[in-house]
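In case you want the letters, here they are:
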Amino acid sequence: MRKMPKYTIQIRKQAFELFHEIGTFLGVSKQPKMPTVQTLINWSREDHWQEKLEAIRKGIRNELETEGLNGIVSSDIDELKILDRLEKIAIDEINSGRKIKPKFWKDIISTFDFTTKTRRLIKGEPTSREEITGDISIVDAFLKKSKT
Amino acid sequence: MTSALLTPSSKKVKLEEVTDWYLSTYENDPLRWIYDSINIKDGLWEKQEEIISSVFQNSYTAVRSGHSTGKTFASALCVLAFLYTQIPSKVITTAPTFRQVAKILWRDIRKLYTHRKIKLGGRLLTLELFCDDDWFALGLHPREYDINAFQGYHSENILVVLDESPGVSSDLYDSAISLLTSENAHLLEIGNPTSPSGHFYNAFQKNSKYNKIHINCLDSPNIKAGKVIRPYLVIQKWINDRKDTWGENSPLWQSRVLGEFSTSEENSFAPLDWVERAMG
């Protein structure tokens, strides 16, 4: 009788995704259903995790370059990735209703406000801007502009 | 792009985009600013537009005119257009008497300000339109008008308006000139040509640096149209009355109707402007 593999292909894929998010074999091994550090190292060699991660980074870098953000350094790319993941996790958790059960919508909004502002800071974009409506006078507009 | 300043709307736009758009649109186009910003019932007639354009295009503009041709109205528009398109700027106006400062030019400025189509901003007082410390229009009482009083009014963008200019003393005129030291400095002299001497007369001589504008009552819209289309401008009835009263050869007719400097002063007892000043 053929021996069934201890870990399914699905678990191996999840392990890579966790490694992508967490960044260390030890961190991944501590997650539920995950194998030991040694097994993860073996999988990383067999499935070429480093190359895959590099490809993902390159993809992000290309994306940023097309957005005109060539000057961004690789540590910034990592931070942007973390923010993306943080947002994704938060959305998943809110949707599933398991861990995050916000009492007020403003809590959710402030969370996303934080990630959005941080992302803009990393990209070197303004985190706030002066906005006006038709209610402002010419004098006020120019005085306000001169003070910014 | 449409300026949020000109189209009241709840839609939010970026401040810098609006101010940049505003300056690129209006800084060199005062007439467009006027038509976009001020509610002028019948529009302006060609000479009024000529005055306004000239003030922005020339350092020195002199306007001699007959009665009720809308020259003071055009001056008031110049004051507002300059103040709100040359930012920040100082606009100083004066006239021979306090009554002329307060009751003629500044009455029109106040009226136009209240007929604005958009929110101009600033604080309007009797003789002042204050936007900021270095950004204002001011009607100066002639007594305040000495060289020392002018020291504080120098600015990169400045317009000086001398209303009823022939009656402005040479000291006042010299003080006004002392303000025009910057690249974007402009002087507008406006009045009835009552005296064939002095700074106003000199402005119309061949070698003067002024852009010269002449308005003859006979060219004004109501006279040309043969009917009253702009009730606030000179009408045919007044022309006929003056012709009967003064006669076409009188200096008053030449000055008050034709907008020409009187040529008969040599033979007169006293210059026309002296007589008028004496009459108060």
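Residues numbered from 1 in each chain as written. Chains lettered and ligands numbered in written order. Predicted model: local features only at pLDDT ≥ 70, side-chain atom pairs only at ≥ 80, totals over all residues. Heavy atoms only, no water.

## A closer look at the overall build of chain A
Along chain A, the regular secondary structure elements total 7 helices and 1 strand. The secondary structure elements of chain A, listed N-terminal to C-terminal, are α-α-α-α-α-α-β-α. Summing over all exposed atoms, chain A offers an accessible surface of approximately 10,500 Å²; the carbon and sulfur share of this is 55%. (Helix = DSSP H or I, 4+ residues; strand = E, 2+ residues; numbered from the N terminus. Areas by Shrake-Rupley, 256 points an atom, 1.4 Å probe, with all protein chains shown as cover.)

## Things to note about the overall build of chain B
The number of helices and strands found in chain B is 12 helices and 9 strands. Within chain B, contacts between residues separated by at least 24 positions form 68% of all contacts whose residues are at least 6 apart in sequence. Counting only carbon and sulfur atoms, one obtains 48% of the accessible surface of chain B, whose full area is about 13,100 Å². (Contact = heavy atoms within 4.5 Å.)

## So, the side chain of Ser220 of chain B
Residue and element names in this part refer to chain B. Secondary-structure assignment places Ser220 in the loop between strand E9 (211-215) and helix H9 (221-225). For Ser220, a relative accessible area of 0% translates into the label buried. Sequence-distant contacts of Ser220, that is, excluding residues within four places in its chain, are made with Trp45 and Val234. (Buried < 20%, exposed > 50% of the residue type's maximum accessible area, 1.4 Å probe, protein only.)

## Side note on the pairing of strand E7 (residues 157-162) of chain B
Residues and elements named next belong to chain B. Taken across its 6 residues, E7 has 6 buried, putting it largely inside the fold. Burial along E7 is two-sided: the face carrying Asn157, Leu159 and Val161 and the face carrying Ile158, Val160 and Leu162 are both buried. As defined by bridge partners, strand E3 (residues 90-94) adjoins E7 across 5 bridges and the pair is classed as parallel. Bridge pairing in E7 places Thr93 opposite Val161. Here E7 runs beside strand E8 (residues 184-191); their pairing, made up of 6 bridges, is parallel. Bridged to Leu159 within E8 is His186. For the crossover that starts at E7, traverses helix H7 (residues 170-177) and ends in the parallel E8, the hand is right-handed. (Pairing = 2+ DSSP bridges. Right-handed = clockwise from strand over helix to strand, strands pointing away.)

## Comments concerning the nonpolar core
Residues Ile138 of chain A together with Tyr22, Trp33, Ile51, Leu80 and Tyr84 of chain B are the most contacted members of the largest nonpolar core, which totals 53 residues. The biggest single contributor to this core is helix H4 (residues 71-85) of chain B, with 10 residues. Once residues within four sequence positions are removed from consideration, Leu80 of chain B is found in contact with Trp33, Ile38, Ile109, Leu112, Tyr113 and Leu129 of chain B. (Core = buried A, V, L, I, M, F, W, Y, C linked by side-chain atoms within 4.5 Å.)

## Things to note about the packing of aromatic side chains
Taken as a whole and assessed by the stated rule, the structure comprises 17 aromatic pairs over all chains. Where Phe19 of chain A meets Trp49 of chain A, the ring centres are 5.4 Å apart and the plane angle is 35°; that geometry is what we call tilted. Taken together, the positions of Phe19 of chain A in helix H1 (residues 9-22) and Trp49 of chain A in helix H4 (residues 49-66) put the pair 30 residues apart, joining distant regions of the chain. Neither Phe19 of chain A nor Trp49 of chain A differs from the other in exposure class; each is buried. Geometrically, the ring pair formed by Trp33 of chain B and Tyr84 of chain B is stacked, given 5.9 Å between the ring centres and 10° between the ring planes. A residue pair is termed long-range when its members are at least 10 positions apart, and Trp33 of chain B in helix H2 (residues 30-37) and Tyr84 of chain B in helix H4 qualify at 51 residues. Tyr84 of chain B shares its class with Trp33 of chain B; the two are buried. The cationic tip of Lys52 of chain A hangs over the ring face of Phe16 of chain A; the distance from NZ or CZ to the ring centre is 5.4 Å. The cationic tip of Arg64 of chain B hangs over the ring face of Phe204 of chain B; the distance from NZ or CZ to the ring centre is 5.2 Å. (Phe/Tyr/Trp six-rings, centres within 6.5 Å; stacked < 30°, edge-to-face > 60°. Lys NZ or Arg CZ within 6 Å of the ring centre and 35° of its normal.)

## What to know about H7 of chain B
Turning to H7 of chain B, its buried residues are Leu172, Tyr173, Ser175 and Ala176 of chain B. End-on view of H7 of chain B: buried residues confined to an arc of 160°, all on one side of the axis. (Arc of directions from axis to C-beta.)

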